[in-house]
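# A structural walkthrough
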Amino acid sequence: MKKIAAVWLILCAMGAASNAQSIRAGVGRRVITPEMPYWLTGYGGRTKPAVEKMHDLWAKALVIETHPGKKIALVTTDVLGLTPEIHADLVRILGEQYGFKRSELVFNASHTHAGPMIWPSLEMIGDYDTTVLLQFRRYKTFLVSQIVAAVRMALDNMFTAQLSTAHGRATFAMNRRQPVNGKIINGKNPSGSSDHDVPVLTVRNREGTTKAILFGYACHNTTMGGNNYVISGDYAGFAQIDLEQAYPGATALFFTGCAGDQNPQPRGTVELAATHGKELSDAVKAAMQQKQQPVSGQVKSALDTVALSFVPFDVQKYDSALVKGTVYEQRWARLMIQAYNRGWELTRYNYPVQVLRFGRDLTFVSLAGEVVVDYALKLKARYPGQNLFIAGYCNHVMGYIPTRKVLEEGGYEANENLIYYGMPGPFREDVEEKIFYTLQRIFTRLGIK
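Residues numbered from 1 in each chain as written. Predicted model: local features only at pLDDT ≥ 70, side-chain atom pairs only at ≥ 80, totals over all residues. Heavy atoms only, no water.

What the rule picks out here adds up to 24 salt bridges. Between Glu 409 and Arg 177 there is a salt bridge whose closest N-O contact spans 3.0 Å. Taken as a pair, Glu 409 in helix α9 (residues 404–409) and Arg 177 in strand β8 (residues 177–180) lie far apart in primary sequence, 232 residues in all. Owing to a relative accessible area of 5%, Arg 177 belongs among the buried residues under this scheme. Here Lys 278 makes a salt bridge to Asp 282, at a shortest N to O gap of 2.8 Å. Taken together, the positions of Lys 278 and Asp 282, both in helix α5 (residues 270–289) and 4 residues apart, correspond to about one turn of that helix. Each of the salt bridges in this network shares a partner with another, and the network as a whole consists of Glu 85, Asp 89, Arg 92, Glu 96 and Lys 140. (Salt bridge = Lys/Arg side-chain N within 4 Å of Asp/Glu carboxyl O. Helix = DSSP H or I, 4+ residues; strand = E, 2+ residues; numbered from the N terminus. Buried < 20%, exposed > 50% of the residue type's maximum accessible area, 1.4 Å probe, protein only.)

Here it is in structure tokens:
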């Protein structure tokens, strides 16, 4: 019996080694800094375009192939968010050119508020002339081409890879939903929920050289305010630069977690953005230096779409906003009334929910929109034995995704954000239940219990 057991252990080890050696990876990157002058996004009230940069913005791609015919691509971008149109274009192009399925492609946005306008996301924050709108459309075409080029570069430079994960910790994110006189304002709520986890996926080549570092954090990239007119990636940009200096030849890819109600604190200056970036990069380095969990399982992917319903459309609300509203509310009301008169879909949003599962070693959850932090905290509580990387701001960034509690409390994440995103709403109270039901269905399909 001992001899049989010994043979079995040897066979298992050989199988595990063979599986690990079968993993291949590739890394690509392209600059996506716009030609200047160019209008920044994220804040209303800016009066002029940016004419200089602090550092370049990037689209970075990590392609992982765990077995022949099965590969996935994780793409990170230093922009506010990708639109449904851009996502559809990328899925179509990368599918036609390289055979990717929709579920095998993840596109995450860092949500920097010092980045370029991605038209028509947040179109309500400014009143732009036709020359500027043409520039926005040209940039959209450029952005798509650069993302495709980054994926192509990764595919052209595949190598035998070793994958491992670890988790660090950073503490500068703070819940911003501050209760004041029975209302919720955008402020500081140190007793509110936050997620200080820093998940890290390290990709090394056969010789053990670090080639890619994928890391995340649940915090808005809003250290610098609306008075900033210089292009940058905010704290995430500084963190990526620091990691690439610490690991020469490696590409650092940042993904945003469920950061919808999280702001960096303190905030307001470039120096603070650099400080937060250093704290985050130090957390990544510390995680990489501790004991790592190998990732050797075969990847499976799934993407489902769930219809998230809005409350019934109220024409009188928008008529009233046209007369009594702020300039932003008037723009929003005009758009909503036009959409209503043209018969556009105003009852629901088709929301993508996506999961990548690497054997039993790693599960990467991709959620669209500005997802509030309790989605990540609740998902981790439901699946405590899983190595979960949970990202918001994936594929579509079209508005905030609140929980039932946030909807009941009100505030920007429940209501006011719809004005600037040009969306109807708010969502019905079952939005949280629908998303978790869809996630549970996908998890079951992928063998996660």
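As a further point, take the sheet that holds strand β18 (residues 362–367). In spatial order, the strands read β16-β17-β18-β20; together these 4 strands make up an open sheet with mixed pairing. Two strands bound the open sheet, and with one partner strand each, they are β16 (299–309) and β20 (388–391). Each neighbouring strand pair of the sheet contributes to a mean axis angle of 15°, computed without reference to strand direction. The sheet contact formed by β16 and strand β17 (residues 348–358) spans 11 bridges and is antiparallel. Directly across from Ala 302, in β17, lies its bridge partner Val 355. Strands in contact with helix α8 (residues 374–382) are β18 and β20; relative to β20, the strand with the most contacts, it is inclined by about 160°. Strands in contact with helix α11 (residues 431–445) are β16, β17, β18 and β20; relative to β16, the strand with the most contacts, it is inclined by about 160°. (Pairing = 2+ DSSP bridges. Axes fitted to C-alpha atoms, helices over the stretch in contact; angles between N-to-C directions. Contact = heavy atoms within 4.5 Å.)

Before going further, it helps to examine the confidence of the model for the protein. On average, residues of the protein score 94 in pLDDT, and 95% of them reach the 70 mark or higher. In the model, residues 1–21 has pLDDT below 50 throughout and makes 7 contacts with residues more than four positions away in sequence or in other chains. (pLDDT = per-residue confidence, 0-100.)

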